Amino acid sequence: MVCFRHRYDDTNRTRLKTVETNYGKKAETVTRKTDALYAAPLQEIIDFQFDERVVAVFPDMIQRSVPGYGMIISNIGILAAKYAQAGSHCYDLGCSLGAASLAMRQRISTPDCDIIAVDNSPAMLERARELLALDTVASIPVTIICSDIQDVTIENASVVVLNFTLQFIPPPQRLALMQRIYGGLNPGGILILSEKIAFSEPERQNFHVGLHHDFKRANGYSDLEISQKRSALENVMIPETLAVHHKRLKAAGFSCSELWLQCFNFVSLVAIK
Ligand SMILES: Nc1ncnc2c1ncn2[C@@H]1O[C@H](C[S@+](CC[C@H]([NH3+])C(=O)[O-])CC(=O)[O-])[C@@H](O)[C@H]1O
Ligand SMILES: O=C(O)C(=O)Cc1ccccc1
């Protein structure tokens, strides 16, 4: 489980937290910088990018913004331990700082597995490499690839993780990616798909979005931060309904997909080949 010990650095107003995360089994500490990227009023809101500024605050940003994130990461480890097949690959597509790769690496005991972690942000991967190197206990090799996940070969896979990544792929390109994932999975392999979702009924949409904003406010974000980040994400992160996700998984070949976690408008599904 993720736990936090807070420390304040009053020299530059930046609140630093010394964190014990799953970024290293020996509980090495990682300094966690507070996300204040949207705290000041911005003249112009540019589209959200996974650049150096986001990388520097990413563990704090994702934990404070995605309800259930820590629980999803822990349970990716549990699911991977159950479904990893000997001599196969486990893919972490859109790995960011490698939290899901680390969770899998720490839990899998199946022989001869490796993990292939892919992201198209060089800044994310530079930091992911450092964090993976801190985890000296686990022995499963992790190969990091800087690429668009749509261009990576997926083969001999027993576990494929898309943890909040599909939402950044343009919707018309999503089915082809899912078909390639299905094609690359071995029988009995799984896809773990976590997404922010939308609701077709306005009342349900408002209910969940309202609660998500309450969650963010409770985690210290101001209304200005919430609204500026929302605008920055508008063109780049496109949530779809749960029905659309289940339908696409079926169209890609998965005979069943199971919702295993929902917290407000954030879900995680598992589909078995
Ligand atoms: N086409 C693409 N190809 C490769 N990477 C991409 C692409 N589009 C976006 N990304 C990458 O997908 C990641 C999405 S974050 C995933 C969290 C992580 N899975 C976690 O378990 O912590 C989710 C979020 O921040 O909401 C970023 O690192 C992008 O660079
Ligand atoms: O912050 C939000 O509103 C989100 O929907 C989640 C998120 C988390 C990290 C980067 C981009 C989006």
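Just so you know, the residues in each chain are numbered from 1, in the order the chain's sequence is written. Chains and ligands are labelled sequentially in the order written, the chains with letters from A and the ligands with numbers from 1. Confidence filtering applies because this is a predicted model: local features only for residues at pLDDT of at least 70, side-chain atom pairs given and counted only at 80 or more, and all residues used for totals across whole chains, interfaces and linings. With hydrogens and water stripped out, all remaining heavy atoms of the structure feed into the side-chain values.

As for the confidence of the model for the chain
Here the chain shows a mean pLDDT of 91. Residues at 70 or above account for 88%. pLDDT is a residue-level measure of predictor confidence that goes from 0 to 100. Residues count as neighbours in contact if any of their non-hydrogen atoms are within 4.5 Å of one another. Considering only residues more than four positions removed or in separate chains, one finds that residues 1-21, a stretch of pLDDT under 50, has 47 contacts. Ignoring residues within four places in sequence, the model shows residues 24-28, a span with pLDDT below 50, making 13 contacts including any to other chains. Both confidence scores are given for the complex: pTM 0.92, ipTM 0.99.

Thoughts on the site of ligand 2
Proximity criterion: a residue is near a molecule or strand once any of its heavy atoms comes within 4 Å of it. Neighbouring ligand 2 are Phe48, Met61, Ser65, Val66, Lys196, His212, Lys216, Lys229, Leu233, Met237 and Phe266. N or O atoms within 3.5 Å of each other form a polar contact, as long as, within protein, one can give a hydrogen and the other can take it, and as long as residues adjacent in sequence are counted only when both atoms are side-chain atoms. Lys216 places a side-chain nitrogen or oxygen 2.7 Å from an oxygen atom of ligand 2. Between ligand 2 and Lys229 there is a distance of 2.6 Å, counted from an oxygen atom to a side-chain nitrogen or oxygen. For the accessible areas, the method is Shrake-Rupley and the probe is 1.4 Å, while residue cover comes only from the protein chains on display. Coverage of ligand 2 by the protein amounts to 93% of the 320 Å² it exposes when considered alone. Here the shell around ligand 2 is composed, by residue class, of six nonpolar, two polar and three charged. Residue polarity follows a fixed list, in which Ala, Val, Leu, Ile, Met, Phe, Trp, Tyr, Cys and Pro are nonpolar, Asp, Glu, Lys and Arg are charged, and the others, Gly among them, are polar.

With respect to the site of ligand 1
Ligand 1 sits among 20 residues. The nearest are Tyr69, Gly94, Ser96, Asp119 and Asn163. Ile149 is positioned such that a nitrogen or oxygen atom in its backbone is 2.9 Å from a nitrogen atom of ligand 1. In this structure, an oxygen atom belonging to ligand 1 sits 2.9 Å away from a side-chain N or O atom of Asn163. Here ligand 1, which alone exposes 650 Å², has 94% of that area covered by the protein.

Digging into helix α8 (residues 242-252)
Residues of α8 that are buried include every one of His245, Arg248, Leu249 and Ala252, and no others. All buried residues of α8 lie within an arc of 100° about the axis, which places them on one face of the element. Seen from the buried face of α8, the exposed residues on the opposite side, beyond 90 degrees, are Ala243, Lys247, Lys250 and Ala251. Each element contacted by the buried residues of α8 is listed here: α5 (174-184), β8 (185-196), β9 (256-263) and β10 (266-272). Secondary structure elements are taken from DSSP: a helix is a run of H or I of four residues or more, a strand is a run of E of two residues or more, and numbering for both begins at the N terminus. In the stretch just after α8, Gly253 is the one whose phi turns positive, near 125°. The buried label applies to any residue whose accessible area, calculated with a 1.4 Å probe on protein chains only, is under 20% of its type's maximum; exposed applies above 50%, and partly exposed to all values in between. For this quantity, the arc is that covered by the directions from the helix axis to the C-beta atoms.

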